[in-house]
Amino acid sequence: MFKTGFDNDKYLSLQSGRINERINEFGGKLYLEFGGKLFDDYHASRVLPGFQPDSKLQMLLQLKDRAEIVIVISAEDIEKNKVRGDLGITYDADVFRLISAFRERGLFVGSVVLTKYAPSPRVTAFEARLKEAGIPSYRHYLIDGYPANINHIVSDEGYGKNDYIETSRELVVITAPGPGSGKMATCLSQLYHENKRGIKAGYAKFETFPIWNIPLNHPVNIAYEAATADLNDVNMIDPWHLEAYGKTTVNYNRDVEIFPVLKATFDKIYGSCPYKSPTDMGVNMAGFCIIDDDAVCDASKQEIIRRYYTACCESLRGKNNKEEIYKLELLMNNAGLSADDRPCARVANELAESTGLPAAAVELGDGCIVTGKTSNLLGCASAMLLNALKHLGGIDDDTLLISPQVIKPVQELKTKHLRSKNPRLHTDEVLVALSVSAVNDSNARLALEQLSKLDKCEMHSSILLSPVDESLLKKLGVRVSCTAVTDKKTI
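It should be emphasised that the depicted structure is a prediction, and the values quoted were computed from it without experimental measurement. (Residues numbered from 1 in each chain as written. Predicted model: local features only at pLDDT ≥ 70, side-chain atom pairs only at ≥ 80, totals over all residues. Heavy atoms only, no water.)

Draft legend 1. Up close: the overall build of the chain. Of the regular secondary structure elements, the chain holds 20 helices and 12 strands. Structurally, the chain occupies a C-alpha span of about 75 × 55 × 40 Å along its principal axes. In the chain, buried positions account for 54% of the 491 residues. Nonlocal contacts in the chain, meaning residues at least 24 apart in sequence, comprise 68% of its contacts between residues at least 6 apart. For the chain, the accessible area works out to roughly 21700 Å², and carbon and sulfur atoms hold 50% of it. (Helix = DSSP H or I, 4+ residues; strand = E, 2+ residues; numbered from the N terminus. Buried < 20%, exposed > 50% of the residue type's maximum accessible area, 1.4 Å probe, protein only. Contact = heavy atoms within 4.5 Å. Areas by Shrake-Rupley, 256 points an atom, 1.4 Å probe, with all protein chains shown as cover.)

Draft legend 2. Looking closely at the packing of helix α8 (residues 183–196) against helix α11 (residues 253–270). As a packed pair, α8 and α11 sit with axes 10 Å apart at the nearest point and diverge in direction by 10°. As judged from the angle between their axes, α8 and α11 are roughly parallel. Here Met 184, Leu 188, Leu 191, Tyr 192 and Asn 195 of α8 lie close against α11, whose contacting residues are Ile 258, Leu 262, Thr 265, Phe 266, Ile 269 and Tyr 270. Split into classes, the residues belonging to the contact of α8 with α11 amount to nine nonpolar, two polar and no charged. (Axes fitted to C-alpha atoms, helices over the stretch in contact; angles between N-to-C directions. Parallel < 35°, antiparallel > 145°, perpendicular 65-115°, else oblique. Nonpolar A, V, L, I, M, F, W, Y, C, P; charged D, E, K, R; others polar.)

Draft legend 3. Inspection of unusual backbone geometry at higher detail. Here the bond from Tyr 146 into Pro 147 is cis, since omega is 10°, no more than 30 degrees from zero. You can see Pro 147 is positioned in the loop between β4 (137–139) and α7 (150–153). Look at Lys 456: it is not a glycine, yet its phi comes out positive at around 75°. Structurally, Lys 456 can be placed in the loop between α19 (442–448) and β11 (458–461). For Lys 456, a relative accessible area of 30% gives the class partly exposed.

Draft legend 4. The arrangement of the sheet that holds strand β2 (residues 67–74) in detail. Spatial strand order, β4-β3-β2-β5-β1-β6: six strands in an open sheet with parallel pairing. A single partner strand is all that each edge strand has here, and the edge strands are β4 and β6 (202–206). Here the average twist between neighbouring strands, direction ignored, is 25°. Across three bridges, strand β3 (residues 109–115) lies against β4 in parallel orientation. Its bridge partner lying in β4, Leu 114 is registered against Arg 139. (Pairing = 2+ DSSP bridges.)

Draft legend 5. Structural context of the pairing of β11. Burial along β11 is two-sided: Glu 458 and His 460 facing one way and Met 459 and Ser 461 facing the other are all buried. In this structure, strand β9 (residues 359–363) lies alongside β11, joined through four bridges in antiparallel fashion. In the strand pairing of β11, Ala 361 is matched with His 460. Across four bridges, β11 lies against strand β12 (residues 479–482) in parallel orientation. Residue pairing for β12: Ser 461 is matched across the bridge by Cys 482. With helix α20 (residues 467–475) bridging β11 and the parallel β12, this β-α-β connection has right-handed handedness. (Right-handed = clockwise from strand over helix to strand, strands pointing away.)

Here's what the structure looks like:
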(Lines give C-alpha, C1' and ligand atoms only; values in the text may rest on other atoms or scores of the structure.)
Protein backbone atom coordinates (compact mmCIF):
# COMPACT_ATOMS: atom_id res chain seq x y z
CA MET A 1 0.00 0.00 0.00
CA PHE A 2 1.52 3.31 -1.12
CA LYS A 3 1.89 6.07 1.47
CA THR A 4 3.73 9.35 0.91
CA GLY A 5 6.69 9.79 3.22
CA PHE A 6 8.74 12.49 1.50
CA ASP A 7 7.99 16.20 0.82
CA ASN A 8 9.25 16.74 -2.72
CA ASP A 9 8.44 20.47 -2.89
CA LYS A 10 10.35 21.13 0.32
CA TYR A 11 13.26 19.14 -1.08
CA LEU A 12 13.44 21.19 -4.28
CA SER A 13 13.48 24.42 -2.26
CA LEU A 14 15.99 23.32 0.40
CA GLN A 15 18.33 21.60 -2.05
CA SER A 16 18.63 24.45 -4.54
CA GLY A 17 19.04 26.88 -1.65
CA ARG A 18 21.86 24.82 -0.09
CA ILE A 19 23.76 24.65 -3.37
CA ASN A 20 23.40 28.41 -3.79
CA GLU A 21 24.85 28.88 -0.30
CA ARG A 22 27.81 26.65 -1.14
CA ILE A 23 28.52 28.62 -4.34
CA ASN A 24 28.63 31.82 -2.32
CA GLU A 25 30.82 30.24 0.37
CA PHE A 26 33.54 29.72 -2.24
CA GLY A 27 33.34 33.18 -3.71
CA GLY A 28 31.21 32.44 -6.75
CA LYS A 29 32.66 29.34 -8.47
CA LEU A 30 31.74 25.79 -7.47
CA TYR A 31 32.55 22.41 -8.99
CA LEU A 32 29.76 20.09 -7.85
CA GLU A 33 30.41 16.36 -8.17
CA PHE A 34 27.00 14.90 -8.89
CA GLY A 35 26.64 11.27 -7.85
CA GLY A 36 23.80 8.97 -8.87
CA LYS A 37 21.27 9.68 -11.58
CA LEU A 38 20.35 13.24 -12.46
CA PHE A 39 17.00 12.09 -13.78
CA ASP A 40 15.06 8.81 -13.77
CA ASP A 41 16.17 8.20 -10.17
CA TYR A 42 13.71 5.39 -9.53
CA HIS A 43 15.62 3.98 -6.56
CA ALA A 44 15.15 7.25 -4.66
CA SER A 45 11.47 7.38 -5.63
CA ARG A 46 10.95 3.84 -4.32
CA VAL A 47 12.67 4.25 -0.94
CA LEU A 48 11.49 7.84 -0.38
CA PRO A 49 7.82 7.64 -1.46
CA GLY A 50 6.92 11.10 -2.68
CA PHE A 51 10.36 11.76 -4.21
CA GLN A 52 9.83 12.29 -7.93
CA PRO A 53 12.23 10.44 -10.29
CA ASP A 54 13.26 13.75 -11.89
CA SER A 55 13.52 15.72 -8.63
CA LYS A 56 17.26 16.37 -8.94
CA LEU A 57 16.78 17.59 -12.48
CA GLN A 58 13.94 19.90 -11.38
CA MET A 59 16.19 21.22 -8.62
CA LEU A 60 18.93 22.00 -11.12
CA LEU A 61 16.45 23.74 -13.39
CA GLN A 62 15.92 26.24 -10.59
CA LEU A 63 19.64 27.05 -10.96
CA LYS A 64 19.87 26.67 -14.75
CA ASP A 65 20.94 30.28 -15.40
CA ARG A 66 23.93 29.77 -13.09
CA ALA A 67 24.79 26.19 -14.05
CA GLU A 68 26.55 24.29 -16.78
CA ILE A 69 27.07 20.56 -17.04
CA VAL A 70 30.32 18.76 -17.80
CA ILE A 71 29.99 15.05 -18.58
CA VAL A 72 32.90 12.81 -17.65
CA ILE A 73 33.63 9.45 -19.28
CA SER A 74 36.63 7.18 -18.84
CA ALA A 75 38.51 6.31 -22.02
CA GLU A 76 38.96 2.84 -20.52
CA ASP A 77 35.17 2.41 -20.43
CA ILE A 78 34.92 3.47 -24.07
CA GLU A 79 37.61 0.99 -25.04
CA LYS A 80 35.94 -1.82 -23.06
CA ASN A 81 32.53 -0.96 -24.55
CA LYS A 82 31.17 -0.79 -21.01
CA VAL A 83 27.38 -1.08 -20.78
CA ARG A 84 24.90 0.52 -18.37
CA GLY A 85 23.06 -2.39 -16.80
CA ASP A 86 19.79 -0.47 -16.30
CA LEU A 87 19.57 0.83 -19.88
CA GLY A 88 21.52 -1.76 -21.85
CA ILE A 89 23.50 0.87 -23.75
CA THR A 90 27.23 1.61 -23.79
CA TYR A 91 28.67 4.45 -21.73
CA ASP A 92 29.75 6.37 -24.85
CA ALA A 93 26.22 6.11 -26.29
CA ASP A 94 24.84 7.25 -22.95
CA VAL A 95 26.94 10.42 -23.11
CA PHE A 96 25.04 11.51 -26.22
CA ARG A 97 21.74 10.46 -24.63
CA LEU A 98 22.54 12.60 -21.59
CA ILE A 99 23.52 15.58 -23.71
CA SER A 100 20.22 15.44 -25.60
CA ALA A 101 18.20 14.92 -22.42
CA PHE A 102 19.83 17.86 -20.62
CA ARG A 103 19.47 20.19 -23.59
CA GLU A 104 15.83 19.25 -24.13
CA ARG A 105 15.17 20.33 -20.55
CA GLY A 106 16.91 23.67 -20.95
CA LEU A 107 20.23 22.87 -19.25
CA PHE A 108 23.54 24.00 -20.74
CA VAL A 109 26.04 21.21 -21.49
CA GLY A 110 29.47 22.83 -21.69
CA SER A 111 31.76 19.96 -22.61
CA VAL A 112 32.78 16.31 -22.28
CA VAL A 113 35.95 15.16 -20.50
CA LEU A 114 37.73 11.92 -21.36
CA THR A 115 39.53 10.70 -18.23
CA LYS A 116 42.33 8.09 -18.12
CA TYR A 117 42.96 9.15 -21.68
CA ALA A 118 44.89 6.87 -24.02
CA PRO A 119 44.45 6.87 -27.81
CA SER A 120 42.63 3.98 -29.45
CA PRO A 121 40.35 3.63 -32.49
CA ARG A 122 37.19 3.66 -30.35
CA VAL A 123 38.31 6.67 -28.32
CA THR A 124 39.35 8.57 -31.45
CA ALA A 125 36.01 7.80 -33.09
CA PHE A 126 34.18 9.04 -29.98
CA GLU A 127 36.11 12.31 -30.01
CA ALA A 128 35.31 12.70 -33.71
CA ARG A 129 31.59 12.27 -32.99
CA LEU A 130 31.78 14.95 -30.30
CA LYS A 131 33.55 17.32 -32.67
CA GLU A 132 31.01 16.69 -35.42
CA ALA A 133 28.22 17.45 -32.93
CA GLY A 134 29.95 20.72 -31.94
CA ILE A 135 30.63 19.59 -28.37
CA PRO A 136 33.99 20.65 -26.88
CA SER A 137 36.02 17.79 -25.44
CA TYR A 138 39.05 17.62 -23.17
CA ARG A 139 41.61 15.00 -22.17
CA HIS A 140 42.64 14.05 -18.65
CA TYR A 141 45.40 11.51 -18.13
CA LEU A 142 46.38 8.75 -15.73
CA ILE A 143 48.71 10.18 -13.10
CA ASP A 144 51.50 8.07 -11.64
CA GLY A 145 51.06 7.54 -7.92
CA TYR A 146 47.36 8.53 -7.87
CA PRO A 147 45.87 8.96 -5.32
CA ALA A 148 48.68 8.70 -2.74
CA ASN A 149 51.55 10.80 -4.14
CA ILE A 150 50.06 14.23 -3.48
CA ASN A 151 53.23 16.20 -4.29
CA HIS A 152 53.35 14.67 -7.75
CA ILE A 153 49.58 14.76 -8.35
CA VAL A 154 49.25 18.44 -7.43
CA SER A 155 51.98 19.65 -9.76
CA ASP A 156 52.58 20.59 -13.38
CA GLU A 157 53.49 16.94 -14.03
CA GLY A 158 50.23 15.73 -12.46
CA TYR A 159 47.04 17.75 -12.77
CA GLY A 160 49.04 20.26 -14.77
CA LYS A 161 49.21 17.86 -17.73
CA ASN A 162 45.44 17.66 -17.95
CA ASP A 163 43.57 19.93 -20.32
CA TYR A 164 42.01 22.95 -18.63
CA ILE A 165 38.22 22.77 -19.07
CA GLU A 166 36.82 26.08 -20.26
CA THR A 167 33.73 26.90 -18.21
CA SER A 168 31.57 30.01 -18.20
CA ARG A 169 29.17 29.70 -15.26
CA GLU A 170 29.30 29.79 -11.47
CA LEU A 171 28.04 26.25 -10.91
CA VAL A 172 29.79 23.49 -12.84
CA VAL A 173 27.98 20.17 -12.40
CA ILE A 174 30.28 17.20 -13.00
CA THR A 175 28.30 14.09 -13.88
CA ALA A 176 28.94 10.79 -15.68
CA PRO A 177 27.21 7.75 -17.19
CA GLY A 178 28.23 5.59 -14.23
CA PRO A 179 30.55 5.12 -11.24
CA GLY A 180 34.33 5.06 -11.58
CA SER A 181 34.36 7.59 -14.40
CA GLY A 182 36.66 10.06 -12.62
CA LYS A 183 34.30 12.81 -11.45
CA MET A 184 36.21 13.75 -8.28
CA ALA A 185 39.58 13.74 -10.03
CA THR A 186 38.13 16.03 -12.71
CA CYS A 187 36.90 18.46 -10.05
CA LEU A 188 40.25 18.52 -8.24
CA SER A 189 42.18 18.95 -11.50
CA GLN A 190 40.05 22.00 -12.26
CA LEU A 191 40.70 23.48 -8.81
CA TYR A 192 44.43 23.21 -9.54
CA HIS A 193 44.11 24.89 -12.94
CA GLU A 194 41.75 27.61 -11.66
CA ASN A 195 44.17 28.44 -8.85
CA LYS A 196 47.05 28.72 -11.35
CA ARG A 197 44.91 31.29 -13.17
CA GLY A 198 44.14 33.22 -10.00
CA ILE A 199 40.52 32.07 -9.85
CA LYS A 200 39.11 30.99 -6.48
CA ALA A 201 36.93 27.91 -6.93
CA GLY A 202 35.47 25.33 -4.58
CA TYR A 203 34.36 21.73 -4.59
CA ALA A 204 31.31 20.01 -3.12
CA LYS A 205 29.61 16.67 -3.53
CA PHE A 206 25.96 15.93 -4.10
CA GLU A 207 25.11 12.29 -3.35
CA THR A 208 21.58 11.37 -2.25
CA PHE A 209 22.61 8.18 -0.47
CA PRO A 210 23.49 7.28 2.15
CA ILE A 211 21.54 10.02 3.90
CA TRP A 212 23.98 11.55 6.35
CA ASN A 213 21.57 12.76 9.06
CA ILE A 214 19.53 9.60 9.67
CA PRO A 215 20.84 6.52 11.55
CA LEU A 216 23.40 4.19 10.01
CA ASN A 217 20.98 1.25 10.18
CA HIS A 218 17.92 3.14 9.05
CA PRO A 219 16.17 1.08 6.31
CA VAL A 220 16.76 3.88 3.75
CA ASN A 221 20.52 3.60 4.25
CA ILE A 222 20.43 -0.20 4.29
CA ALA A 223 18.47 -0.06 1.02
CA TYR A 224 21.31 1.98 -0.48
CA GLU A 225 23.78 -0.75 0.48
CA ALA A 226 21.41 -3.28 -1.10
CA ALA A 227 21.34 -1.24 -4.30
CA THR A 228 25.14 -1.20 -4.45
CA ALA A 229 25.74 -4.71 -3.14
CA ASP A 230 27.50 -5.63 -6.39
CA LEU A 231 29.93 -2.70 -5.89
CA ASN A 232 30.65 -3.68 -2.29
CA ASP A 233 29.95 -0.18 -0.98
CA VAL A 234 29.63 -0.05 2.80
CA ASN A 235 27.84 2.57 4.89
CA MET A 236 29.78 3.70 7.92
CA ILE A 237 29.95 6.36 10.60
CA ASP A 238 32.08 9.26 9.34
CA PRO A 239 35.10 9.07 11.70
CA TRP A 240 36.42 12.46 10.55
CA HIS A 241 33.16 14.20 11.41
CA LEU A 242 32.91 12.46 14.76
CA GLU A 243 36.43 13.54 15.69
CA ALA A 244 36.00 17.14 14.49
CA TYR A 245 32.53 17.86 15.88
CA GLY A 246 31.65 15.03 18.26
CA LYS A 247 28.57 14.30 16.12
CA THR A 248 27.59 11.03 14.46
CA THR A 249 26.87 11.21 10.73
CA VAL A 250 26.68 8.57 7.99
CA ASN A 251 28.84 8.31 4.90
CA TYR A 252 30.19 5.46 2.85
CA ASN A 253 33.55 3.78 2.60
CA ARG A 254 34.82 5.29 -0.66
CA ASP A 255 34.34 8.90 0.49
CA VAL A 256 35.84 8.16 3.90
CA GLU A 257 38.85 6.48 2.28
CA ILE A 258 39.47 9.26 -0.26
CA PHE A 259 39.00 12.17 2.17
CA PRO A 260 42.68 12.33 3.25
CA VAL A 261 43.60 12.71 -0.44
CA LEU A 262 41.08 15.49 -0.96
CA LYS A 263 42.17 17.27 2.22
CA ALA A 264 45.83 17.07 1.23
CA THR A 265 44.98 18.33 -2.26
CA PHE A 266 43.17 21.36 -0.83
CA ASP A 267 46.09 21.97 1.55
CA LYS A 268 48.51 21.83 -1.38
CA ILE A 269 46.47 24.13 -3.64
CA TYR A 270 45.07 26.65 -1.17
CA GLY A 271 47.16 26.17 1.96
CA SER A 272 44.23 24.76 3.95
CA CYS A 273 41.15 22.60 3.50
CA PRO A 274 37.69 24.13 4.08
CA TYR A 275 36.33 20.73 5.11
CA LYS A 276 36.97 18.71 8.25
CA SER A 277 35.11 15.59 7.09
CA PRO A 278 33.55 13.88 4.07
CA THR A 279 30.15 14.88 5.48
CA ASP A 280 31.22 18.52 5.29
CA MET A 281 31.77 18.08 1.54
CA GLY A 282 28.15 17.12 0.94
CA VAL A 283 25.14 19.31 0.24
CA ASN A 284 22.38 16.68 0.42
CA MET A 285 19.17 17.89 2.10
CA ALA A 286 17.00 14.80 1.56
CA GLY A 287 17.03 13.80 5.23
CA PHE A 288 15.26 17.04 6.18
CA CYS A 289 12.35 16.23 3.86
CA ILE A 290 11.20 12.90 5.32
CA ILE A 291 7.69 13.59 6.68
CA ASP A 292 6.54 10.04 7.52
CA ASP A 293 9.33 7.84 8.77
CA ASP A 294 7.12 4.74 8.96
CA ALA A 295 6.16 5.07 5.28
CA VAL A 296 9.79 5.53 4.27
CA CYS A 297 10.90 2.56 6.39
CA ASP A 298 8.22 0.29 4.92
CA ALA A 299 9.11 1.29 1.36
CA SER A 300 12.82 0.78 1.98
CA LYS A 301 12.28 -2.67 3.48
CA GLN A 302 10.38 -3.72 0.35
CA GLU A 303 13.26 -2.42 -1.76
CA ILE A 304 15.80 -4.47 0.20
CA ILE A 305 13.78 -7.68 -0.25
CA ARG A 306 13.10 -6.91 -3.90
CA ARG A 307 16.85 -6.47 -4.50
CA TYR A 308 17.44 -9.88 -2.94
CA TYR A 309 14.91 -11.57 -5.20
CA THR A 310 16.40 -9.79 -8.23
CA ALA A 311 19.94 -10.95 -7.41
CA CYS A 312 18.74 -14.53 -7.03
CA CYS A 313 17.03 -14.34 -10.42
CA GLU A 314 20.19 -12.95 -12.00
CA SER A 315 22.11 -15.89 -10.55
CA LEU A 316 19.59 -18.26 -12.12
CA ARG A 317 20.16 -16.54 -15.46
CA GLY A 318 23.89 -17.26 -15.18
CA LYS A 319 25.39 -14.25 -13.39
CA ASN A 320 28.22 -15.12 -11.00
CA ASN A 321 26.98 -13.08 -8.04
CA LYS A 322 27.16 -15.33 -4.98
CA GLU A 323 28.93 -12.62 -2.96
CA GLU A 324 26.21 -10.11 -3.84
CA ILE A 325 23.48 -12.52 -2.72
CA TYR A 326 25.39 -13.26 0.49
CA LYS A 327 25.66 -9.55 1.25
CA LEU A 328 21.95 -9.01 0.55
CA GLU A 329 21.11 -11.82 2.97
CA LEU A 330 23.23 -10.11 5.63
CA LEU A 331 21.50 -6.77 4.95
CA MET A 332 18.06 -8.37 5.26
CA ASN A 333 19.11 -9.92 8.54
CA ASN A 334 20.46 -6.54 9.71
CA ALA A 335 17.09 -4.97 8.92
CA GLY A 336 15.23 -7.79 10.68
CA LEU A 337 13.72 -9.03 7.41
CA SER A 338 13.20 -12.29 5.56
CA ALA A 339 12.11 -12.95 1.98
CA ASP A 340 8.59 -13.68 3.30
CA ASP A 341 8.23 -10.12 4.61
CA ARG A 342 7.00 -9.08 1.18
CA PRO A 343 3.21 -9.60 1.31
CA CYS A 344 2.70 -10.07 -2.44
CA ALA A 345 5.56 -12.61 -2.53
CA ARG A 346 4.14 -14.59 0.37
CA VAL A 347 0.68 -14.75 -1.25
CA ALA A 348 2.01 -15.64 -4.72
CA ASN A 349 4.27 -18.39 -3.43
CA GLU A 350 1.51 -19.88 -1.24
CA LEU A 351 -0.91 -19.92 -4.20
CA ALA A 352 1.70 -21.60 -6.40
CA GLU A 353 2.30 -24.24 -3.76
CA SER A 354 -1.41 -24.97 -3.35
CA THR A 355 -2.15 -25.18 -7.10
CA GLY A 356 1.11 -26.69 -8.29
CA LEU A 357 1.28 -24.05 -11.02
CA PRO A 358 2.96 -20.62 -11.30
CA ALA A 359 1.09 -17.78 -9.61
CA ALA A 360 1.40 -14.02 -9.29
CA ALA A 361 0.09 -11.46 -6.80
CA VAL A 362 -0.05 -7.67 -6.79
CA GLU A 363 -0.61 -5.37 -3.81
CA LEU A 364 -2.76 -2.49 -5.02
CA GLY A 365 -2.86 1.06 -3.75
CA ASP A 366 -5.77 0.31 -1.41
CA GLY A 367 -3.79 -2.50 0.25
CA CYS A 368 -5.80 -5.29 -1.41
CA ILE A 369 -3.78 -8.19 -2.83
CA VAL A 370 -5.06 -9.60 -6.14
CA THR A 371 -3.75 -12.87 -7.55
CA GLY A 372 -3.55 -14.67 -10.87
CA LYS A 373 -2.77 -18.28 -11.67
CA THR A 374 -1.67 -20.07 -14.80
CA SER A 375 -4.37 -21.47 -17.10
CA ASN A 376 -4.56 -22.89 -20.61
CA LEU A 377 -5.19 -19.39 -21.98
CA LEU A 378 -3.13 -17.08 -19.78
CA GLY A 379 0.16 -16.99 -17.93
CA CYS A 380 0.03 -16.09 -14.25
CA ALA A 381 1.13 -12.46 -14.80
CA SER A 382 -1.51 -11.97 -17.50
CA ALA A 383 -4.25 -13.45 -15.32
CA MET A 384 -3.15 -11.28 -12.40
CA LEU A 385 -3.17 -8.18 -14.60
CA LEU A 386 -6.76 -8.77 -15.76
CA ASN A 387 -7.93 -9.56 -12.23
CA ALA A 388 -6.28 -6.39 -10.90
CA LEU A 389 -7.96 -4.26 -13.57
CA LYS A 390 -11.33 -5.82 -12.68
CA HIS A 391 -10.83 -5.02 -9.00
CA LEU A 392 -9.75 -1.46 -9.70
CA GLY A 393 -12.71 -0.88 -12.03
CA GLY A 394 -15.29 -2.52 -9.77
CA ILE A 395 -15.96 -5.17 -12.42
CA ASP A 396 -17.44 -8.49 -11.28
CA ASP A 397 -14.92 -11.34 -11.00
CA ASP A 398 -16.98 -13.56 -13.28
CA THR A 399 -16.98 -11.05 -16.13
CA LEU A 400 -14.96 -12.10 -19.19
CA LEU A 401 -13.00 -9.08 -20.35
CA ILE A 402 -11.59 -10.94 -23.35
CA SER A 403 -13.64 -13.67 -24.96
CA PRO A 404 -11.98 -16.98 -25.88
CA GLN A 405 -12.92 -16.18 -29.49
CA VAL A 406 -10.51 -13.24 -29.36
CA ILE A 407 -7.77 -15.18 -27.55
CA LYS A 408 -7.84 -18.22 -29.83
CA PRO A 409 -6.68 -16.48 -33.05
CA VAL A 410 -3.82 -14.87 -31.11
CA GLN A 411 -2.75 -18.28 -29.82
CA GLU A 412 -2.89 -19.74 -33.33
CA LEU A 413 -0.76 -16.86 -34.62
CA LYS A 414 1.84 -17.51 -31.90
CA THR A 415 2.06 -21.28 -32.28
CA LYS A 416 1.41 -21.84 -35.99
CA HIS A 417 3.11 -18.84 -37.57
CA LEU A 418 5.50 -17.36 -34.98
CA ARG A 419 6.77 -20.80 -33.87
CA SER A 420 6.16 -20.24 -30.18
CA LYS A 421 5.84 -23.34 -28.01
CA ASN A 422 3.84 -21.42 -25.40
CA PRO A 423 0.23 -20.72 -26.44
CA ARG A 424 -0.55 -18.67 -23.33
CA LEU A 425 -0.89 -14.92 -23.78
CA HIS A 426 1.81 -12.67 -22.35
CA THR A 427 0.83 -9.39 -20.72
CA ASP A 428 1.48 -7.31 -23.85
CA GLU A 429 -0.69 -9.65 -25.92
CA VAL A 430 -3.42 -9.46 -23.27
CA LEU A 431 -3.46 -5.66 -23.43
CA VAL A 432 -3.67 -5.72 -27.23
CA ALA A 433 -6.56 -8.22 -27.06
CA LEU A 434 -8.22 -6.11 -24.34
CA SER A 435 -7.91 -3.02 -26.55
CA VAL A 436 -9.59 -4.88 -29.42
CA SER A 437 -12.40 -6.01 -27.11
CA ALA A 438 -12.84 -2.46 -25.80
CA VAL A 439 -14.19 -1.34 -29.19
CA ASN A 440 -17.51 -3.06 -28.44
CA ASP A 441 -17.31 -3.90 -24.71
CA SER A 442 -17.78 -1.23 -22.03
CA ASN A 443 -16.24 -3.44 -19.33
CA ALA A 444 -13.06 -3.87 -21.39
CA ARG A 445 -12.92 -0.08 -21.87
CA LEU A 446 -13.38 0.44 -18.14
CA ALA A 447 -10.60 -2.05 -17.40
CA LEU A 448 -8.16 -0.25 -19.71
CA GLU A 449 -8.90 3.03 -17.92
CA GLN A 450 -7.51 1.51 -14.70
CA LEU A 451 -3.96 0.92 -16.02
CA SER A 452 -2.53 4.11 -14.53
CA LYS A 453 -3.58 2.93 -11.05
CA LEU A 454 -0.99 0.14 -11.22
CA ASP A 455 1.82 2.69 -10.86
CA LYS A 456 3.87 2.06 -7.68
CA CYS A 457 2.08 -1.22 -6.90
CA GLU A 458 4.13 -4.12 -5.51
CA MET A 459 3.97 -7.40 -7.45
CA HIS A 460 5.57 -10.84 -7.22
CA SER A 461 5.62 -13.93 -9.41
CA SER A 462 6.34 -17.40 -8.05
CA ILE A 463 8.32 -18.07 -11.21
CA LEU A 464 10.88 -16.16 -13.28
CA LEU A 465 8.85 -13.97 -15.65
CA SER A 466 9.59 -13.74 -19.34
CA PRO A 467 11.47 -10.56 -20.33
CA VAL A 468 8.33 -9.43 -22.18
CA ASP A 469 6.12 -9.63 -19.09
CA GLU A 470 8.68 -8.10 -16.75
CA SER A 471 9.38 -5.21 -19.14
CA LEU A 472 5.70 -4.38 -19.67
CA LEU A 473 4.86 -4.45 -15.99
CA LYS A 474 7.77 -2.14 -15.21
CA LYS A 475 6.59 0.26 -17.93
CA LEU A 476 3.27 0.40 -16.09
CA GLY A 477 5.19 1.39 -12.94
CA VAL A 478 4.70 -1.96 -11.19
CA ARG A 479 7.52 -2.89 -8.81
CA VAL A 480 8.27 -6.46 -9.82
CA SER A 481 10.03 -9.29 -8.03
CA CYS A 482 10.20 -13.00 -8.83
CA THR A 483 11.14 -16.20 -7.09
CA ALA A 484 14.19 -17.71 -8.80
CA VAL A 485 12.41 -20.71 -10.31
CA THR A 486 11.88 -21.64 -13.95
CA ASP A 487 9.53 -24.09 -15.62
CA LYS A 488 10.05 -24.51 -19.34
CA LYS A 489 6.51 -25.82 -19.72
CA THR A 490 4.95 -22.58 -18.51
CA ILE A 491 7.37 -19.81 -19.52
